[in-house]
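# Structural description and commentary
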Amino acid sequence: MAETFEDGLAAATPGDFDAARRILLSLAEQGQAAVQNNLGIVFEKGLGVSPDHPEAAKWYRLAAGQGNADAENSLGLRYAQGQMVPQDNKRAIELYVMAAKQGHSIAQTNLAAMYASGQDVPEDRQEAFKWLTTAAWHGDEYAAGLVKQLVVS
């Protein structure tokens, strides 16, 4: 039986990042998108390894390529900010849209910000409001606060 992400974490003793990383790498190489996304985080933040941004971007791309909304949002943010990858707002928007359509509230808020500011999309306050209210509906408290500010002002 194939190991799961939880099996990998349970097998590693507290602080044994090397064992956990080996298990995660094995699962990620088998194509588990959630684990690939988590490896992106591990390599980006340097959790038990030296930070390795090209490696982090690789794992985010693999997970996003399988439709993992967390990875799509994370990679979109990196493109928007030019971190780990070349700055590319159009690519960021594509990734945010994919994640937003899956109900990822942070991606919805990020997409709303792109429309509100007109970053490589036509400035569209209605589209921004639509995505912001959708994010609020999905439980994003930050988005809900912004919606209240917009309605009051």
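Predicted, not measured: the structure shown is a model, and the values here were computed from it. (Residues numbered from 1 in each chain as written. Predicted model: local features only at pLDDT ≥ 70, side-chain atom pairs only at ≥ 80, totals over all residues. Heavy atoms only, no water.)

### A closer look at the nonpolar core
For clarity, the threshold we go by: The criterion is simple. A nonpolar core is a set of buried Ala, Val, Leu, Ile, Met, Phe, Trp, Tyr and Cys residues joined through side-chain atoms within 4.5 Å. Buried residues are those whose accessible area, probed at 1.4 Å on protein chains only, stays under 20% of the maximum for their type, while exposed residues exceed 50% and partly exposed ones sit between those limits. Helix and strand assignments follow DSSP, with helices taken as H or I runs no shorter than four residues and strands as E runs no shorter than two, numbered in order from the N terminus. Throughout, a residue-residue contact means that at least one pair of heavy atoms, one from each residue, lies within 4.5 Å.
Counting residues in hydrophobic clusters, the biggest one holds 40 residues, and the most contacted among them are L39, L75 and L111. Sorting the residues of this core by element identifies α2 (17–29), α3 (33–45), α4 (53–65), α5 (69–81), α6 (89–101), α7 (105–117), α8 (125–137) and α9 (141–152) as the ones contributing at least two each. Beyond its immediate chain neighbours, meaning those up to four positions away, L111 contacts I93, Y96, V97, A100 and W131.

### Structural notes on unusual backbone geometry
You will see that M84, though not glycine, has its phi angle at about 75 degrees, which is positive. Checked against the element boundaries, M84 lands in the loop between α5 and α6. Even without being a glycine, D120 presents a positive backbone phi close to 60 degrees. Along the polypeptide, D120 turns up in the loop between α7 and α8.

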